[in-house]
Amino acid sequence: MPGARRNQDRVAGGDQRALAVQLHLAGPLEQEVDLLGFPVAVALRGLPWFERRLGQALIADGRRGQAEKLSDRGAVRRRERLRRLEGADLHAGEPSGFGQNRPVTSARDLEQGYTLPWSWYSSEELTHREQERIFRRAWTYACPAGWVAERGEYAACSAGDVPIVVVRGRDGELRAFVNVCRHRGSQIASGRGRRETLQCPYHAWTYDLDGSLRAAPRSEREQSFERSDLSLRPALVQELGPFVFVCADLDAPPLDEALNGMPELLARDLDLDALVFRERAEYEVGANWKIAAENYLECYHCPVAHPGFSRVVDTSPGDYELRPGDGVWTQLGRSRDGNGSCQFHLVWPALKVNVYPGPPNLSIGPVWPVGAERTAGFLDYFFGAGVSAEEASELIAFDDQVGREDAALVESVQRGVRSGTIERGRLLLDSEMLVNSFQKRIFTALS
Ligand code: FES
Ligand SMILES: [Fe+2]
C-alpha cells in the first residue's frame, strides 16, 4: 500500500462479500492502494456503495484474473470499466434497508431522473474537489460597480474560497487580484474603502494599485530580492451595468459566455443601468451548497412551503416556465394579479439573480461552500432610482421571509441525506428539470 494509510480494513470472518463494506481508506485522491492484489484508487473513499460493489465484483469466483487494472483517473471511468467485467453484478447483495435504488453509475441514471448519490452532499473531500474544479474556475458576482467607481476604491470579495480584491487604479482601470500577500499569504485588503496603495496588515508589504510590489520593509538587507517577481496575482474582472464580476481563473471563457443571454432576458423587464444598490444581506445555512442551489432551482415546493410567495406569484406548471440553459437555469413567472412578472436565474455554479413583481428590483449574489454541510452567501439588493425606502424594505422583508422558509427546508434535507440510510432520490423530470440539468453539470464537472 505505497504512500497510503489504511485505518480500518478488515474482513468479516469468512464472508468475502463483506470485505469492501468494511473497508475505509484514508489518503489523497487518486493515490493507489492494493486491494486483493489489484491497484484501486483512494478516490473510492466517500463512495461506500461503490466500495461494496467493487468488493463483490473483485471477490467473485474466477473473476480476479479478468479484472482490469483500475488505475486510470476518474471514478466514473473506473466504475464503467468495472461494469464491463464479465458477469460482474455490481448491484447484488445490498444489505437490507440500503440501496433499494441502485446508485448512480453513469449519466444515463441522471437521465432517468435519479439524483446524484446523497453521499455527495456531506463529503468534505468532494467539497474540496468542487472548490477546485468548479468554484475556482467560474465567474461570480463580486460587488456593486458603485463601490469601485472612483480611483483608489477597492472592495474585497471572493470567488469560491479564493480571496479576491477589486481595485480602481490611479489610471482609472478596474483590476482584480488574488487578495493574498506574496510574502506569507495573509489576506491584504478587507471590506471596502479608498487607498493610495494596498498594504498587507501582517508585515506591511505594500502593493501599488496595479498589483506591483512597491515596498517590503528590510528587503534591502537581502542579497537577492526581486520585487518585480512578487506582484499580486491577477484575476479576471468585468463590469456589467451596475455589477462587477470576477473570476480567479485567467483561462476562463468570457463573462458573456458564462451569463449566456441572461442580461438580455433581464432587460426585458428592467433597465439594468438605472438600478441603484440599496443593501447587502449576508447569510449561512446548515446544508451542502448543492442542496441550497437545487432548492432554488424548482418551485415544486412553492405552494407547500412558501404560502406568501405563492399568493403573489402563480406557480402552477402551465404558468411558471422552467428553462434549462447551458450554465444558466431560468424560471419565469407572473404575478397573480396580472400586473408583473418575475425572473429567477442560477448562473453556474451558484449565483442567484432574482427579479420580483412590483417596482423595479433585482437582487444578486452567490452561495459557496464553507464546508460540506455549510453554505454561505449574500444578496445585494438593487432598486430603480424612484423606488421609495418603504417599498424597498417591504420587498426585502418579503424575500427574507421566503429565504427563512428555504433555510428550514434545506437544513431538513441535509439531515435526511446525511443519515446514510438511502442512497439517492428520484426527481420529477418535468417539475424538477432544472435540478436534473444542474446535477448533470455537477456530474460532468467532477468526472
Ligand atoms: S504576509 Fe503580508 S507582509 Fe507578511
Ligand atoms: Fe424556496
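Undergrad: What should I look at first to understand the overall build of the chain in this one?
TA: A tally of helices and strands in the chain yields eleven helices and 21 strands. A burial count over the chain gives 36% of its 447 residues as buried. Considering only residue pairs separated by 6 or more positions, the chain has 59% of its internal contacts joining residues 24 or more positions apart.

Undergrad: Looking at this model, I keep getting lost on the sheet that holds strand β10 (residues 198-199). Mind explaining?
TA: Whether parallel or antiparallel, the strands of a sheet pair through hydrogen bonds between backbone atoms. In spatial order, the strands read β10-β11-β12; together these three strands make up an open sheet with antiparallel pairing. Two strands bound the open sheet, and with one partner strand each, they are β10 and β12 (213-215). One ladder, built from two bridges, connects strand β11 (residues 206-207) with β12; its direction is antiparallel. Counterpart to T206 in the pairing with β12 is A215.

Undergrad: Is there a simple way to think about the environment of V312 in this case?
TA: When you line up the elements, V312 lands in helix α9 (residues 307-312). Exposure remark for V312: the 18 C-beta atoms within 10 Å place this residue in the partly exposed category. With 24 residues separating them in the primary sequence, V312 and R336 have C-alpha atoms 5.7 Å apart. Contact partners of V312, with chain neighbours within four places excluded, come to S335, R336 and P357.

Undergrad: I keep staring at the nonpolar core and nothing clicks. Help me out?
TA: Across soluble globular proteins, nonpolar side chains show a tendency to be buried alongside one another. In this structure, A142, I164, V165, V166 and V246 are the most contacted members of the largest nonpolar core, which totals 88 residues. Counting contributing residues, this core receives three or more from each of domain 2 (106-138 + 260-447) and domain 3 (140-251). In this structure V165 touches Y154, A156, A176, F177, N179, I188, A189 and L198, once residues within four positions along its chain are discounted.

Undergrad: Even after reading the chapter, I still don't get the sheet that holds strand β16 (residues 321-324), so can you show me in this structure?
TA: Taken in spatial order, the seven strands of this open sheet run β15-β21-β20-β19-β18-β17-β16, and their pairing is antiparallel. The open sheet terminates on both sides in strands that have one partner only, identified here as β15 (275-285) and β16. Within the sheet, the average angular offset between the axes of one strand and its neighbour, ignoring direction, is 15°. Sheet strands touched by helix α7 (residues 289-296): β15, β18 (341-347), β19 (351-355), β20 (361-371) and β21 (374-384). Its angle to β20, the strand with the most contacts, is close to 155°. Sheet strands in contact with helix α11 (residues 433-446) are β16 and β17 (328-334), and its direction is about 15° off that of β16.

Undergrad: Please clarify how helix α6 (residues 262-269) should be interpreted in this entry.
TA: For an α-helix, the turn length of 3.6 residues means that residues three or four places apart are oriented alike. Listed as buried for α6 are M262, L265 and L266. End-on view of α6: buried residues confined to an arc of 100°, all on one side of the axis. Exposed residues pointing more than 90 degrees away from the buried face of α6 are listed as E264, A267 and R268. Residues of α6 that are buried in the fold lie against α5 (255-259), β17, β18 and β19.

Undergrad: Looking at this structure, how should I read the environment of G403?
TA: You can see G403 is positioned in helix α10 (residues 389-418). Separated by 97 residues in the primary sequence, G403 and H306 have C-alpha atoms spaced 9.6 Å apart.

Undergrad: Can you walk me through the pairing of strand β6 (residues 153-159) in this structure?
TA: On a regular strand, one side chain projects to one face of the sheet and the next to the other, so that they alternate. Pairing of β6 with strand β9 (residues 192-194), which is carried by three bridges, proceeds in the antiparallel orientation. Pairing of Y154 across the sheet is with G193, part of β9. Taken together, the six bridges between β6 and strand β7 (residues 162-168) define a ladder with antiparallel strand orientation. Its bridge partner lying in β7, A159 is registered against V162. Remark: two residues form the turn of the hairpin made by β6 and β7, two consecutive strands paired antiparallel; G160 in that turn has positive phi of roughly 65°.

Undergrad: Teacher, can you tell me more about unusual backbone geometry here?
TA: In this structure, P349 follows W348 across a cis peptide bond, with omega equal to 0°. Even without glycine at this site, A204 takes up a positive phi of about 70°. Relative to the assigned elements, A204 resides in the loop between β10 and β11. Taking the C-beta count within 10 Å as the criterion, A204 has 11 such neighbours and is therefore assigned exposed. If you check the backbone angles, R218 has positive phi at about 70° while not being a glycine. With respect to the secondary-structure elements, R218 resides in the loop between β12 and β13 (234-240).

Conventions we followed
- Residues numbered from 1 in each chain as written.
- Chains lettered and ligands numbered in written order.
- Predicted model: local features only at pLDDT ≥ 70, side-chain atom pairs only at ≥ 80, totals over all residues.
- Helix = DSSP H or I, 4+ residues; strand = E, 2+ residues; numbered from the N terminus.
- Buried ≥ 20, exposed ≤ 12 C-beta atoms within 10 Å, placed from the backbone.
- Contact = placed C-beta atoms within 7 Å.
- Pairing = 2+ DSSP bridges.
- Core = buried A, V, L, I, M, F, W, Y, C linked by C-beta atoms within 7 Å.
- Domains from an automatic or database assignment.
- Axes fitted to C-alpha atoms, helices over the stretch in contact; angles between N-to-C directions.
- Arc of directions from axis to C-beta.

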